[in-house]
Amino acid sequence: RMRTQNLLERVQEHYAIGEEAILGLTFEWTDDDPVPDEDLLRSLREEIARLGPVNLLALEEYEEKSTRLRFLEEQKEDLRRASASLQETIEKINRTAHFLFMETFEQVRAHFRDTIRTVFDGGEGDLVLTNPEDPLETDIEILVKPRGKRIDTLTQLSSGERALTAIALLFSIYLVKPSPFCVFDEVDAPLDDANIRRFVNLLQEFKDRTQFIVITHNKLTMEAADRLYGVTMEEE
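Remember, predicted model here, so these are calculated numbers, not experimental data. (Residues numbered from 1 in each chain as written. Predicted model: local features only at pLDDT ≥ 70, side-chain atom pairs only at ≥ 80, totals over all residues. Heavy atoms only, no water.)

Trainee: Teacher, can you tell me more about the overall build of the protein here?
Mentor: Helix and strand counts for the protein come out as 7 helices and 4 strands. Order of helices (α) and strands (β) in the protein, N terminus to C terminus: α-α-α-α-β-β-α-β-α-β-α. Computed over C-alpha atoms, the radius of gyration of the protein comes to 45 Å, more than 25% over the 18 Å expected from 2.2 N^0.38 for 236 residues, which places it beyond the range of a compact globule. Taken along the three principal axes of its C-alpha coordinates, the protein extends 130 × 50 × 30 Å. Every one of the 236 residues in the protein was classed for burial, and the buried ones make up 20%. Here the contacts in the protein between residues at least 6 apart in sequence split such that 55% fall between residues at least 24 apart. (Helix = DSSP H or I, 4+ residues; strand = E, 2+ residues; numbered from the N terminus. Rg over C-alpha atoms; globule rule 2.2 N^0.38 Å. Buried < 20%, exposed > 50% of the residue type's maximum accessible area, 1.4 Å probe, protein only. Contact = heavy atoms within 4.5 Å.)

Listed below in structure tokens is the structure:
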């Protein structure tokens, strides 16, 4: 009985088989000797010994790592879906921005051509995209040709002509979405008398739709105003 109990305990320890499972085993006997030779048995025992102690927590650690892996895979899939959704949104925004920009640009361009003719008494002007294939990143080149002049760049314009060009561009953008009031703060300061008259003509053309408030020191601009409000300082 003691030997039987010892054998059961050894089998349970080495092979993790319970007593009921052991007693339930059946064997088919043959004439061959079922016991291996001592050398093979010794070799097998040495290999088992080299495996080291069994980590009884391995299954628990495996389950823990598997749970962590599943969580990370779900997070990765969520990020992939979010990235795809973000890319789709960016493409949609770019398409919309492309359409709105081109639509607005063409309106501003048309107004600029008309306004330049008014400003320069028959001069020519245009707005050109340097890279029409990528309108959201392209530069915009301003082309201006006052009547009677041949220029290649805006730097060849006088300071007054450059100021008028800037005013014409401002009006061109403003006309796309006008408002009832527009304030100019000494925009006529760099203009000579001839250009002041052109600036005043521009105001006269648009004053039926917008009320302009012009802060100025120029007498010609004051003469063209419908109302004058003086502002002074009582003390320095």
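Trainee: Would you explain the layout of surface pockets in this entry?
Mentor: If you roll a probe as big as a water molecule over the atoms, it shows you where there is empty space left. Volume-wise, the largest pocket comes out at about 980 Å³. Together, 22 residues line the largest pocket, and Arg10, Val11, His14, Tyr15 and Ile48 are the ones closest to its centre. Elements that contribute at least two residues to the lining of the largest pocket include exactly helix H1 (2-15) and helix H3 (38-50). Sorting elements by how many residues they give to the lining of the largest pocket places H1 first, with 6 residues. Space inside the second largest pocket adds up to approximately 770 Å³. Lining the second largest pocket are 21 residues; nearest its centre among them are Phe212, Ile213, Val214, Ala225 and Arg227. Among the secondary structure elements, those contributing two or more residues to the lining of the second largest pocket are helix H6 (193-206), strand S4 (211-215) and helix H7 (219-224). The element best represented in the lining of the second largest pocket is S4, accounting for 5 residues. (1 Å grid on protein atoms, 1.4 Å probe; cavity = no way out; pocket = protein on both sides within 12 Å on 5 of 7 lines; lining within 4 Å. Points joined across faces, edges and corners; volume = space filled by probe spheres on them.)

Trainee: Got a minute to help me understand the pattern of salt bridges in this structure?
Mentor: Pairs can form between side chains of opposite charge whenever their charged atoms are close. Tallying each qualifying case throughout the model produces 9 salt bridges. Here Arg109 ties to Asp126 by a salt bridge, and the two come within 2.7 Å at their closest N and O atoms. In this pair, Arg109 sits in helix H4 (residues 58-119) while Asp126 sits in strand S1 (residues 124-129), placing the two residues 17 residues apart along the sequence. The class for Asp126 is buried, based on a relative accessible area of 16%. Between Arg209 and Asp208 there is a salt bridge; the shortest N-O distance is 3.8 Å. Residue classification places Asp208 among the exposed residues on the basis of a relative accessible area of 64%. (Salt bridge = Lys/Arg side-chain N within 4 Å of Asp/Glu carboxyl O.)

Trainee: What should I look at first to understand the packing of aromatic side chains in this one?
Mentor: For any pair of aromatic rings, the description consists of the separation of the ring centres together with the inter-plane angle of the planes. Tallied over the entire structure, the rule returns 7 aromatic pairs. Taking the centre distance of 6.4 Å and the plane angle of 85 degrees together, the rings of Phe171 and Tyr174 count as edge-to-face. Remark: Tyr174 and Phe171 occur in helix H5 (residues 159-176); sequence separation between them is 3 residues, near one turn of the helix. Accessibility classification places Phe171 together with Tyr174 in one group, the buried group. With centroids separated by 5.7 Å and ring planes inclined at 50 degrees, the aromatic side chains of Phe171 and Phe212 adopt a geometry described as tilted. Within this pair, whereas Phe171 is found in helix H5, its partner Phe212 is found in strand S4, the two being separated by 41 residues in sequence. We note that Phe171, like Phe212, is buried. (Phe/Tyr/Trp six-rings, centres within 6.5 Å; stacked < 30°, edge-to-face > 60°.)

Trainee: Looking at this structure, how should I read a nonpolar patch on the surface?
Mentor: Residues Phe181, Val183, Ile213 and Ile215 make up a contiguous nonpolar surface patch of roughly 370 Å² in combined accessible area. Elements with a minimum of two residues in the nonpolar patch: strand S3 (181-185) and S4. One can find Phe181 in strand S3. (Patch = residues over 30% accessible without salt bridge, like charges linked within 9 Å, V, L, I, M, F, W, Y side chains within 5 Å. Areas by Shrake-Rupley, 256 points an atom, 1.4 Å probe, with all protein chains shown as cover.)

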